[in-house]
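Next come the chains, spelled out residue by residue.
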Amino acid sequence: MKPLRLRLLLGITGITGLLSWGASRLWDTLGTLPSVPRYAPYVLAAVAVVLLAVTLSLRSRLKAARERQRDAKRVDPLHAARALVLGQASALVSAVVTGIYAGTGAFLLGQLDNAARRSQAQTALFAVLAGAAVIAVGLWLQHVCRLPDDPDHPGGTAASPR
């Protein structure tokens, strides 16, 4: 499995943001703009908290196993792989969602004199911040699940068969 790069996630967020901004402008010419869901920041923040809990748990268990502590719990490789896939999928989806809310929020910045649009812009801002947290924690989870370098394998890691 190839690791996700921050550049890729920022590119997805940027492209999605531009498309969302353009779609918001187009949709507004039709008379109405769909509102930003009020619970979007809360859902994204909950995903970030769950990923953070998984990351901290795996990190402490892997550290204890590396230090060969007597009471260390063994980490099931399948559990670590599932956590890694969850982190990467969450980061990818969050990059798209963050771009959507960033584009919509950027469009709404031009209409802050309207109280309803100002409220939607604030919600979009909080959604972007929570989405960025999901991306950051997903990348950290990926870093925690990385296999150590294999000294027997010349020039590579144990996780990169070619």
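Just above, that's the structure.
The model shown is predicted, which means the values in this text are computed figures rather than measured ones.

A. Summary view of a nonpolar patch on the surface. On the surface, a nonpolar cluster with roughly 460 Å² of combined accessible area is contributed by Y39, Y42, V43 and V47. Along the chain, the position of V43 falls in helix α2 (residues 40–66).

B. Seen up close, helix α1 (residues 6–29). Given a rise of 1.5 Å per residue, 24 residues ought to cover 34 Å, and the 35 Å separating the end C-alpha atoms of α1 matches this to within 8%. Inspection of α1 places L9, T13, T16, G17, S20 and S24 among the buried residues, and these make up the whole buried set. Buried residues along α1 sit against α3 (77–108) and α4 (115–144).

C. Inspection of the nonpolar core at higher detail. Residues L58, L108 and L141 are the most contacted members of the largest nonpolar core, which totals 24 residues. Counting residues per element, the ones that place at least two in this core are α2, α3 and α4. If you tally residues by element for this core, the top one is α4, at eight residues. Beyond its immediate stretch of four places on either side in the chain, L141 contacts L51, V54, T55, L58, A83 and G87. L4, L9, A91 and A95 belong to the second-largest nonpolar core, a separate cluster that totals six residues.

D. Molecular detail of the pattern of salt bridges. Per the counting criterion, the structure on display carries one salt bridge. We note a salt bridge from R117 to D28, for which the minimum N-O separation is 3.4 Å. Within this pair, whereas R117 is found in helix α4, its partner D28 is found in helix α1, the two being separated by 89 residues in sequence.

E. Highlighting the packing of aromatic side chains. Tallying each qualifying case throughout the model produces one aromatic pair. When the centroid spacing of 6.2 Å and the interplanar angle of 50 degrees are considered together, the rings of Y39 and Y42 count as tilted. Here Y39 falls in the exposed class, since its relative accessible area comes to 62%.

Calculation criteria
Residues numbered from 1 in each chain as written. Predicted model: local features only at pLDDT ≥ 70, side-chain atom pairs only at ≥ 80, totals over all residues. Heavy atoms only, no water. Patch = residues over 30% accessible without salt bridge, like charges linked within 9 Å, V, L, I, M, F, W, Y side chains within 5 Å. Areas by Shrake-Rupley, 256 points an atom, 1.4 Å probe, with all protein chains shown as cover. Salt bridge = Lys/Arg side-chain N within 4 Å of Asp/Glu carboxyl O. Helix = DSSP H or I, 4+ residues; strand = E, 2+ residues; numbered from the N terminus. Expected span 1.5 Å × (residues − 1). Buried < 20%, exposed > 50% of the residue type's maximum accessible area, 1.4 Å probe, protein only. Contact = heavy atoms within 4.5 Å. Core = buried A, V, L, I, M, F, W, Y, C linked by side-chain atoms within 4.5 Å. Phe/Tyr/Trp six-rings, centres within 6.5 Å; stacked < 30°, edge-to-face > 60°.

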